[in-house]
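# Observations on the model geometry
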Amino acid sequence: MMVYDTGCIDFPENKWEASYQKRKTSNRFFAFLKDTIKNCYVGYVNYQYNLRNQRYECGILIEGKYRGLGYSKEGLYLLCDAAFKNGINALYDGFEKSRVGARKVFQEIGFQVVDTSTWKKFDDMVEGITICLTKEQFYKQKENL
């Protein structure tokens, strides 16, 4: 179940394999996030090329019970590092302005707001942001992480 106000998900183990198979065929990059000390999976990261927008877009989903424990920042960092090592020059994401926690995590890695817009979500109009991180910005920011 997805809670759209926070971006939290329930990600029970019995859905992992099907989710992985679906996403690995439709995304350029997909990886589960695992806490190796606790020996448990906490979510996943991905990026893919968006033909309509002519850019690579990324995402990170953390199971609800693991939110607020630092997995998002570490997972996003690893995702960006993998993308830039694979020759991608910039990553984008977009989400509602109200998701302050998500925005904070992305900005801690170095993402910057490049656009604001409004879109329809279910029956409501929401205000959103588009954020971007270039390879150059990431490696410059990496020195400060």
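Whatever comes next refers back to the structure up there.
Below is a short write-up of the structure.

Calculation notes
Residues numbered from 1 in each chain as written. Predicted model: local features only at pLDDT ≥ 70, side-chain atom pairs only at ≥ 80, totals over all residues. Heavy atoms only, no water. Core = buried A, V, L, I, M, F, W, Y, C linked by side-chain atoms within 4.5 Å. Buried < 20%, exposed > 50% of the residue type's maximum accessible area, 1.4 Å probe, protein only. Helix = DSSP H or I, 4+ residues; strand = E, 2+ residues; numbered from the N terminus. Polar contact = N/O pair within 3.5 Å; in protein donor to acceptor, adjacent residues only side chain to side chain. Contact = heavy atoms within 4.5 Å. Phe/Tyr/Trp six-rings, centres within 6.5 Å; stacked < 30°, edge-to-face > 60°. Lys NZ or Arg CZ within 6 Å of the ring centre and 35° of its normal.

What follows deals with the nonpolar core. The nonpolar side chains of soluble globular proteins are, as a tendency, buried together. The biggest cluster of nonpolar side chains holds 27 residues, and the ones touching the most others in it are Leu76, Cys80, Leu91, Phe106 and Phe111. If you list the elements that add at least two residues to this core, you get strand S4 (40-50), strand S5 (55-62), helix H2 (71-85), strand S6 (90-96), helix H3 (100-109) and strand S8 (124-134). In terms of residues, this core owes the most to one element, H2, which gives six residues.

Turning next to the side chain of Glu96. Among the structural elements, Glu96 can be located in strand S6. Separated by 2.4 Å, the side chains of Glu96 and Lys121 make a polar contact. Here Glu96 is in contact with Trp119, Lys121, Val126, Glu127 and Gly128, once residues within four sequence places are set aside.

Now for the packing of aromatic side chains. Following the criterion strictly, the structure yields 13 aromatic pairs and no others. When the centroid spacing of 5.8 Å and the interplanar angle of 65 degrees are considered together, the rings of Phe32 and Tyr41 count as edge-to-face. Judged by relative accessible area, Phe32 falls into the partly exposed class, the value being 24%. Arranged with centres 6.0 Å apart and planes meeting at 90 degrees, the rings of Tyr66 and Tyr71 form a pair that is edge-to-face. Like Tyr71, Tyr66 is buried. For the cation-ring pair, Arg55 lies above Tyr92, with the distance from its terminal atom to the ring centre recorded as 4.6 Å.

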